[in-house]
Amino acid sequence: MSGNGTTPGDDPLQTAVWRLRSRACWADAAALLPPATAAAALQRTVLLVERCLYTESGWQEAEDALRTAEALAHSDEERGAAACERGYLAYSATLHGVRDRADEARAALGRAAALIPPGAPGRALLDFRRGLIAENLTRSPQAARAAYRRAHAAATAHADPLLLSFTWRHLAGLALRDGELAEARHGFAESLRIREELGYLVGTAPALVSLADTEPEPEASRLREEARRLFRLLGGVPTWLGRQLAPPAAGAATA
């Protein structure tokens, strides 16, 4: 969930990496980036950690890539970015029930906060991930909302549309939980719009499902069917979306 989905200067390598990443081909994208530099090692880590979140697999490869990135990091910015990825990997493992690494996630993001100064581009992603921990591990929606809003403002300032698609989505999720249907619909619609404009296919199906939760019929069913089509196209990724897209059990409609 880092990177803005664009390829400054039309860099052919970054264009290829983005296209593979957006189509759930994280390993293929990572293979294009030999970890010869701290920047390349970090980008490989970003790809492989994201794969863990979306597929619930590839944990050891992500850990190996992260260790390489940590070893190559020399500046505070590089060390902070690597710590941010360690926190995100630990968060993902905890979220998916692989192993409880919540304390490691908090500690790593705390290290990142000490290394990444306020106003730096990497701070937006860090704030967003602290919001994820507050929402999904600590169960503190107020703290999560504050972190998401900081991330949203920073992503806007630094022109990071991919991150904005995530902040819109998670702020909308909190609004829906509070019964603010119009606000939630707007946020989910903005998230979907950005992902479609970027061509971020792997994140489009979840955005469609979220928006469907705020729409009346028949629009809700149309959105969910489009999400199912994309889900099948990408080979059942994100894995966790399959539970939301499963048809209702027999008799559930009348229960």
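Look up: the structure comes first, before these words.
Here the structure is a predicted model, which means the values were calculated and not measured.

Draft legend 1. Structural detail: the overall build of the protein chain. A tally of helices and strands in the protein chain yields 13 helices and zero strands. Secondary structure elements of the protein chain, listed N to C terminal, follow the sequence α-α-α-α-α-α-α-α-α-α-α-α-α. Relative to the globule expectation of 18 Å for 255 residues, the C-alpha radius of gyration of the protein chain, 18 Å, shows essentially globular dimensions. Considered along the principal axes of its C-alpha atoms, the protein chain spans approximately 60 × 40 × 35 Å.

Draft legend 2. Spotlight on the packing of helix α3 (residues 38-55) against helix α4 (residues 59-72). Close contact between α3 and α4 brings their axes to 8 Å; oriented N to C, the two are set at 155°. Taken together, the axis directions place α3 and α4 in an arrangement best described as roughly antiparallel. For the crossing formed where α3 meets α4, the hand is left-handed. The segment α3 lies against α4, with Ala-38, Ala-41, Leu-42, Arg-44, Thr-45, Leu-48, Val-49, Arg-51 and Cys-52 engaging Trp-59, Glu-61, Ala-62, Ala-65, Leu-66, Thr-68, Ala-69 and Leu-72. Grouping the amino acids of the contact of α3 with α4 by side-chain chemistry returns 12 nonpolar, two polar and three charged.

Draft legend 3. Structural detail: helix α12 (residues 219-233). The first and last C-alpha atoms of α12 sit 21 Å apart over 15 residues, in line with the 21 Å expected at 1.5 Å per residue. Along α12, the residues that are buried comprise Ala-220, Leu-223, Ala-227, Leu-230 and Phe-231. One side of α12 carries all its buried residues, which in axial view fall inside an arc of 105°. In α12, those exposed residues whose orientation departs by more than 90 degrees from the buried face are Arg-232 and Leu-233. Lining the buried residues of α12 we find α11 (201-212) and α13 (241-245). Directly beyond the C-terminal end of α12, a positive phi value near 75° is found at Gly-235.

Draft legend 4. Broad picture of helix α10 (residues 181-198). Look at α10: 26 Å from first C-alpha to last across 18 residues, which is about the 26 Å you get at 1.5 Å a residue. Listing the buried residues of α10 in full gives Ala-184, Gly-187, Phe-188, Glu-190, Ser-191, Leu-192, Ile-194, Arg-195 and Leu-198.

Draft legend 5. Fine view of the pattern of salt bridges. The full count for this structure, using the stated rule, is 22 salt bridges. Across the pair Arg-193 and Glu-197 runs a salt bridge whose closest N-O atoms are separated by 3.1 Å. In this pair, Arg-193 and Glu-197 are both assigned in helix α10, four residues apart and thus about one turn of the helix distant. By relative accessible area, which is 34% here, Arg-193 ends up partly exposed. Where Glu-226 meets Arg-229, a salt bridge forms, and the shortest distance between an N and an O atom there is 2.8 Å. Residue Glu-226 and its partner Arg-229 are located together in helix α12, separated by three residues, close to a single helical turn. A relative accessible area of 27% means that Glu-226 is categorised as partly exposed. Owing to a relative accessible area of 41%, Arg-229 belongs among the partly exposed residues under this scheme. Connected through shared salt-bridge partners, Glu-63, Arg-67, Glu-70, Arg-86, Arg-101 and Glu-104 make up one network.

Rules of the game
- Residues numbered from 1 in each chain as written.
- Predicted model: local features only at pLDDT ≥ 70, side-chain atom pairs only at ≥ 80, totals over all residues.
- Heavy atoms only, no water.
- Helix = DSSP H or I, 4+ residues; strand = E, 2+ residues; numbered from the N terminus.
- Rg over C-alpha atoms; globule rule 2.2 N^0.38 Å.
- Axes fitted to C-alpha atoms, helices over the stretch in contact; angles between N-to-C directions.
- Parallel < 35°, antiparallel > 145°, perpendicular 65-115°, else oblique.
- Left-handed = near helix turned anticlockwise from the far one by under 90°.
- Contact = heavy atoms within 4.5 Å.
- Nonpolar A, V, L, I, M, F, W, Y, C, P; charged D, E, K, R; others polar.
- Expected span 1.5 Å × (residues − 1).
- Buried < 20%, exposed > 50% of the residue type's maximum accessible area, 1.4 Å probe, protein only.
- Arc of directions from axis to C-beta.
- Salt bridge = Lys/Arg side-chain N within 4 Å of Asp/Glu carboxyl O.

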